[in-house]
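# Structural overview for review
One letter stands for each residue in the lines below.
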Amino acid sequence: MNDKQHHSISLTPSETFSLSTKEKIAVFIGVVGLFILALALFNTDFPYKTLGLSLSLGLITAGTLLFSHSLYTTKLEGIKNDRVWFKSLTSRGVTAWILGIVLTGFYLVLYFFPQYLGQGSSGEANTGLIALFDPLSFLLSGRPASQWFVYGTLYTLAILIFGYKFILKYRHNRYQQLRTVSVMFFQLGFAFLIPEFMARLNESPEYNLPYYDIKSMWPLNYYLFDRWSVNGFINSGNLGLALLIFGILSIFIISPFLTYKYGKRWYCSWVCGCGGLAETAGDPFRQLSSKKLSAWKLERWLIHVVLVFSVIMTTAVIYSYLGHDSTKYWLTKSTFLLGVGGLLTLVFALTLIFKRHELGKDANYGALGFFVIIAALFIMHYTGTSERLFFVKSSVLRSAYGLYIGSIFSGVIGTGFYPILGNRVWCRFGCPMAAVLGFQQRMFSKFRITTNGGQCISCGNCSTYCEMGIDVRAYAQKGENIVRSSCVGCGICAAVCPRGVLKLENDSMKERINSNDVLLGNDVDLMDYVNSKSF
Amino acid sequence: MEEHVVIIGNGIAGVTAARHIRKFSNKKITIISSETEYFFSRTALMYIYMGHMTFKHTQPYENWFWEKNRIALKKAFVEKVESDTKTLYFENGETLNYDKLIIATGSKPNKFGWPGQDLEGVMGLYHKQDLDLLEKYAPDNQSCKRAVIVGGGLIGIELAEMLNSRNIPVTFLVREQSFWNGILPQGESDMINRHIKNHHIDLRLGTNLKEIVSDENGQVKSVIIEETGEEIPCNVVGLTAGVSPNINFVKDSDIETNKGIKVNRFLETNIPDIYAIGDCAEQIEPVGQRPPVEAVWYTGRMMGEALAQTICGNRMAYNPGHWFNSAKFLDIEYQTYGWVHGKKGKPDYEKHFHWKHDDDTKCITVAYHENTNQFLGINTFGIRMRHETFDKWLTEKRDVHFVINHLAEANFDPEFYKTYEGDILSAYNQTLQTV
């Protein structure tokens, strides 16, 4: 949305919105913490790394917490969006562009030039920023830090400190508080600590566990079925096998069941790490998502293309390391390919049979995507000639996916562009998991956002603050339930509504899409009205 | 050639009528407005000033919507309506012919002849232009050291909240002894009084404006209070003492007016093919306990929907169901279903059960019939309630006992919120025992 920044026309310098003393102190503390990180970045070798790291992260944390405290606890509880569109940072002003470019630059260096952060190559010790994090890494996993450890630590820290800020901001809203505690918990425990502890297990000879964040399931975790990953699981005894089985169960059983009961929000805004960062550190940017119809069209195409790509890629990767000989192992290339084809056909058929009457455009795209994959799989298998091609290409496909989707889209654009495109760009346009869950949500979930009769005044707060770019108002003013596949159930639309019109609900599957266009508040004989509508 | 429906006013009433006419027909549609080029949601004006939204966000439809749906937009000011020749005369000398005319020109802020009411820096809060003026005279607390708001009610408190968001000190002059107590029962009104003061707004109850004083440039310098003669220096004065129909341009026509443009239940005026909807319409026979002129957003929308049916050949009366409304007083949401009267116009048979939470931000009032115990209406503050449920209970004429016992079914608060139905029920049972 092309929103011109609002400018005060006053010529006198405004002291209206200046920082309080407490806030100035908080900024000072936080910046000192950042300064230590910056020094490390420029290869300053700290003699006391543990102290340096603790000081740096400690000061950043203290500064942020103190600032949040001053910002919110001095005011009464309630929605705190005052001046969001006047601040440079949150209205695509200069500060936003600077932050966006710095973040994007950080991601580029992180993904493609880790040596600049001090990543030691071929056995050499780390230097600079990454060396600063060595003590923490040794403490947790017994290994030196890597660029991913540095990133993971900062990422987790961001979710924790901005999560605290979010909890203060919404301290009148228990849904928001619980949800934030949940993403903080899953990030700290499941995404950060557990994988590090698992790495520590690898010190014993019988374990060779791959890096595995057990809440991050395929297809978001696109490397789950890579050869190294599967080998790692299989070579790690019962624990490894259990983790692999859990991974598969979570794709096919656990996640569809939870989505049926609670919508995709159980994952996207209560568990997922990408969602966690978007909801906490990214919260000040949620109003920047585009609500244009054109953005919605782009979203539907892009997300399904990414999904198709990721299914084909994974299939190709698995296919490439399976054998032909059925006497050695039950899963051969043929059975695998037929199995995948059969499963997708089943999904496709069930959707068409049971949901043909309520197939929205989104679902059509989803079904079309599946159909394309199925066709591709069968063609590849039965033409035989393409098998070699497929085999060769799979590694290329895999690294292309890792580069374009895994790195550039999810990191560089998805997070680096928070201040420009909003906080859920990746979740909205690129996440293959969101596409899978969204399809499930649209097809068979008890979740919907209900609207409160005729009380909507079309003010547009809900649409403005929807991070997924859903035009919530368009539904609310018609009194329609919202069952959009992109909705991550963050609940902010309901929170910012000044008339209490929106509510996230789990209810029966019957009549979840009630687009019956009743004259809201008009006392009409409904049967008469319906009949007369046909003129 | 399809007939030409011309709509004056692009507020919610006019735009709803246009959209529904397009849904049901191929008629030629033109919407005229001198306020803005495109439809925006008036109710969201406050959020632009507060920085929650930009003006663009208040437009429910993207700009291509109108052309795509063949709704012509014309930015012009109608000066005169000539019903004999079915012609509109514009301020710039142009004219336009119509086959059917819908007048949906809304309201304008009331001015009661206060000295100085037309000075620079004095404004209402209704039109986009009022917001532009506020932005000009009250951009921050350096340019505007203090603002005075004259008149209680919903627009007044919204304006106070707006100015508060930019740390501009506000003095709020309310004629009544308690905020909005013509409408709200006393317990609720008292709670809102305290809530306003908690936001550091200088609320002056039982206070009238005597005059607005000008500086040497014709700009507001101060206001003088009637009762005490106190002079309050200020740079902006907000006039929010209600609104009245914006119908000056039809005064010389054959269209019959009183306070507003007089319409029957089919929203037809005394002239064939001319209709009036929304804030500017006055019902010759008011519906139930509703006032003849209903300056409420929802009724504008409902009238637009009903009239679109009539114009498309399915003659339909404006027939609103049970009364409902909502508002937000700073941080406290308010909803009402059915009728709960304040002091003004409260029938003798109407009795109230009132419950207030200790934190002083949540309360409810349930109105019921003294003799029959029939449930008449509910006001809720800080607790969201489900429209559909109360609509059903009002239709079913449930008694107050049933309503209080089943209150949980009507709760519309977000998940995991603390609920108060238990507290309310035990308070209710205690009241019964003491009575």
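Residues numbered from 1 in each chain as written. Chains lettered and ligands numbered in written order. Predicted model: local features only at pLDDT ≥ 70, side-chain atom pairs only at ≥ 80, totals over all residues. Heavy atoms only, no water.

### Points about the overall build of chain B
Within chain B, the regular secondary structure consists of ten helices and 25 strands. Dimensions of chain B, computed from the C-alpha atoms along their principal axes, are close to 70 × 60 × 40 Å. By sequence separation, contacts in chain B at least 24 residues apart represent 60% of the contacts at least 6 residues apart. Carbon and sulfur atoms form 47% of the exposed surface of chain B, whose accessible area is close to 17300 Å². When the 47 positive and 58 negative side-chain charges of chain B are each reduced to one mean point, those points stand 2 Å apart. (Helix = DSSP H or I, 4+ residues; strand = E, 2+ residues; numbered from the N terminus. Contact = heavy atoms within 4.5 Å. Areas by Shrake-Rupley, 256 points an atom, 1.4 Å probe, with all protein chains shown as cover. Lys, Arg positive; Asp, Glu negative; His and termini not counted. Charge placed at Lys NZ, Arg CZ, Asp CG, Glu CD.)

### Points about the environment of Ala138(B)
Residue and element names in this part refer to chain B. Inspection of the secondary structure puts Ala138 in the loop between α4 (128-137) and β10 (147-150). Since its relative accessible area comes to 0%, Ala138 is described here as buried. In the structure, Ala138 is positioned 52 residues away from Asp190 in sequence and 29 Å away in space, judged by C-alpha atoms. Apart from residues no more than four positions distant in its own chain, Ala138 is found in contact with Tyr49, Cys144, Leu163, Arg166, Ile168 and Val236. (Buried < 20%, exposed > 50% of the residue type's maximum accessible area, 1.4 Å probe, protein only.)

### Concerning the pairing of strand β2 (residues 502-506) of chain A
All names here are of chain A. Of all five residues that make up β2, four are buried, and the element is covered over most of its length. Note that strand β1 (residues 447-451) and β2 share five bridges and pair antiparallel. Note on β2: the bridge partner recorded for Thr450 is Lys503. (Pairing = 2+ DSSP bridges.)

### Comments concerning the packing of helix α1 (residues 12-24) of chain B against helix α7 (residues 297-311) of chain B
All names here are of chain B. Put simply, α1 and α7 touch, their axes get as near as 7 Å, and they point 30° apart. Considered as vectors, α1 and α7 are oriented roughly parallel to each other. The handedness of the crossing between α1 and α7 is right-handed. On α7, the residues touching Ile12, Ala13, Thr16, Ala17, His20, Ile21 and Phe24 of α1 are Trp297, Gly300, Arg301, Gly304, Glu305, Ala308, Gln309 and Ile311. (Axes fitted to C-alpha atoms, helices over the stretch in contact; angles between N-to-C directions. Parallel < 35°, antiparallel > 145°, perpendicular 65-115°, else oblique. Left-handed = near helix turned anticlockwise from the far one by under 90°.)

### Side note on α4(B)
Residues of α4(B) that are buried include every one of Lys128(B), Asp130(B), Leu131(B), Leu134(B), Glu135(B) and Tyr137(B), and no others. Those residues of α4(B) that are buried are in contact with α2 (45-50), β8 (107-109), β9 (122-123), α5 (153-165) and β16 (236-239) of chain B.

### Focus: the nonpolar core
Of all hydrophobic cores here, the largest spans 126 residues; its most connected members are Val81(B), Ile102(B), Ile103(B), Leu163(B), Ile192(B), Phe329(B) and Phe390(B). If you tally residues by element for this core, the top one is α7(B), at eight residues. (Core = buried A, V, L, I, M, F, W, Y, C linked by side-chain atoms within 4.5 Å.)

### Here we look at the interface of chain A and chain B
On the side of chain B, 72 residues touch chain A, which itself brings 74 residues to the contact. Summed over both sides, the interface between chain A and chain B buries roughly 5700 Å², with carbon and sulfur atoms accounting for 50% of that surface. Linking chain A with chain B are three salt bridges, by the criterion used here. Between Arg386(B) and Glu505(A) there is a salt bridge, and its shortest N-O distance comes to 3.1 Å. Secondary structure elements with two or more residues in the side of chain A that touches chain B: α7 (174-201), β1, α19 (461-464), α21 (492-496), β2 and α22 (526-532) of chain A. The dominant element in the side of chain A that touches chain B, judged by the number of residues it contributes, is β2(A), at five residues. Looking at the side of chain A that touches chain B residue by residue, the class counts come to 29 nonpolar, 28 polar and 17 charged. (Buried area = accessible area lost by both parts, 1.4 Å probe. Salt bridge = Lys/Arg side-chain N within 4 Å of Asp/Glu carboxyl O. Nonpolar A, V, L, I, M, F, W, Y, C, P; charged D, E, K, R; others polar.)

### Describing the domain arrangement of chain A
Residues and elements named next belong to chain A. Each assigned domain of chain A is listed here: domain 1 (3-76 + 113-201), domain 2 (205-442) and domain 3 (446-535). Facing the 27 residues of domain 2 at the interface are 25 residues of domain 3. When domain 2 packs against domain 3, the two sides together hide about 2300 Å² of surface, and 50% of this comes from carbon and sulfur. Scanning the region where domain 2 abuts domain 3 turns up two salt bridges. Among the salt bridges present, the one from Glu467 reaches Arg286, with a minimum N-O distance of 3.5 Å. Put simply, domain 2 and domain 3 have 16 residue pairs in polar contact (both at pLDDT 80 or more) between them. For the side of domain 2 that touches domain 3, the elements supplying multiple residues, two or more each, are α9 (237-262), α10 (265-268), α12 (293-321), α17 (425-430) and α18 (432-444). (Domains from an automatic or database assignment. Polar contact = N/O pair within 3.5 Å; in protein donor to acceptor, adjacent residues only side chain to side chain.)

### Section: the domain arrangement of chain B
By a widespread convention, an interface's size corresponds to the accessible area lost as its parts come together. Residue and element names in this part refer to chain B. Domain boundaries assigned for chain B yield domain 1 (4-108 + 244-312), domain 2 (122-241) and domain 3 (324-434). The C-alpha-based centres of domain 1 and domain 3 are spaced at 35 Å. In this assembly, five residues from domain 1 lie in contact with five residues from domain 3. A combined buried area of about 540 Å² lies between domain 1 and domain 3, and 57% of that area is made up of carbon and sulfur atoms. Its largest share of buried area at the contact with domain 3, domain 1 owes to Gln289, Arg290 and Tyr298, together 77% of the area lost on that side.

### A short note on the state of the cysteines
Residue and element names in this part refer to chain A. According to the stated counting rule, one finds zero disulfides over all chains in the structure shown. The closest cysteine sulfur to the non-disulfide-bonded Cys456 is located on Cys462, 6.3 Å from its own sulfur. Exposure remark for Cys456: the relative accessible area of 9% places this residue in the buried category. Cys490 carries a free sulfur, and the closest cysteine sulfur to it, the one in Cys493, is 6.3 Å from it. (Disulfide = S-S within 2.5 Å.)

### Concerning the sheet that holds strand β22 (residues 332-338) of chain B
All names here are of chain B. Spatial ordering of the open sheet is given by β21-β22-β25-β24-β23, a layout of five strands whose pairing is antiparallel. Of all the strands in the sheet, the pair left with one neighbour each is β21 (324-329) and β23 (350-356). Looking at each pair of strands side by side, their axes are set apart by 10° on average, direction ignored. Looking at chain direction, β21 and β22 are connected through six bridges and run antiparallel. Bridged to Lys328 within β22 is Glu333.

### Quick look at the pattern of salt bridges
Under the defined criterion, the tally for this structure stands at 35 salt bridges over all chains. Asp283(A) is the partner of Lys169(A) in a salt bridge, and the nearest nitrogen-oxygen pair spans 2.9 Å. Note that Lys169(A) is positioned in helix α6 (residues 147-169) and Asp283(A) in the loop between α11 (273-280) and α12, a separation of 114 residues in sequence. Per residue, the accessibility class of Lys169(A) equals that of Asp283(A), and both read buried. Note that Glu94(B) is salt-bridged to Lys74(B), the shortest N-O span being 2.8 Å. Of this pair, Glu94(B) sits in the loop between β5 (87-90) and β6 (95-97) while Lys74(B) is found in strand β3 (residues 71-75), placing the two residues 20 residues apart along the sequence. Using a relative accessible area of 22% as the deciding quantity, one classes Lys74(B) as partly exposed. Here the residues in one salt-bridge network are Lys169(A), Arg179(A), Glu279(A), Asp283(A), Arg286(A), Arg424(A) and Glu467(A), joined through shared partners.

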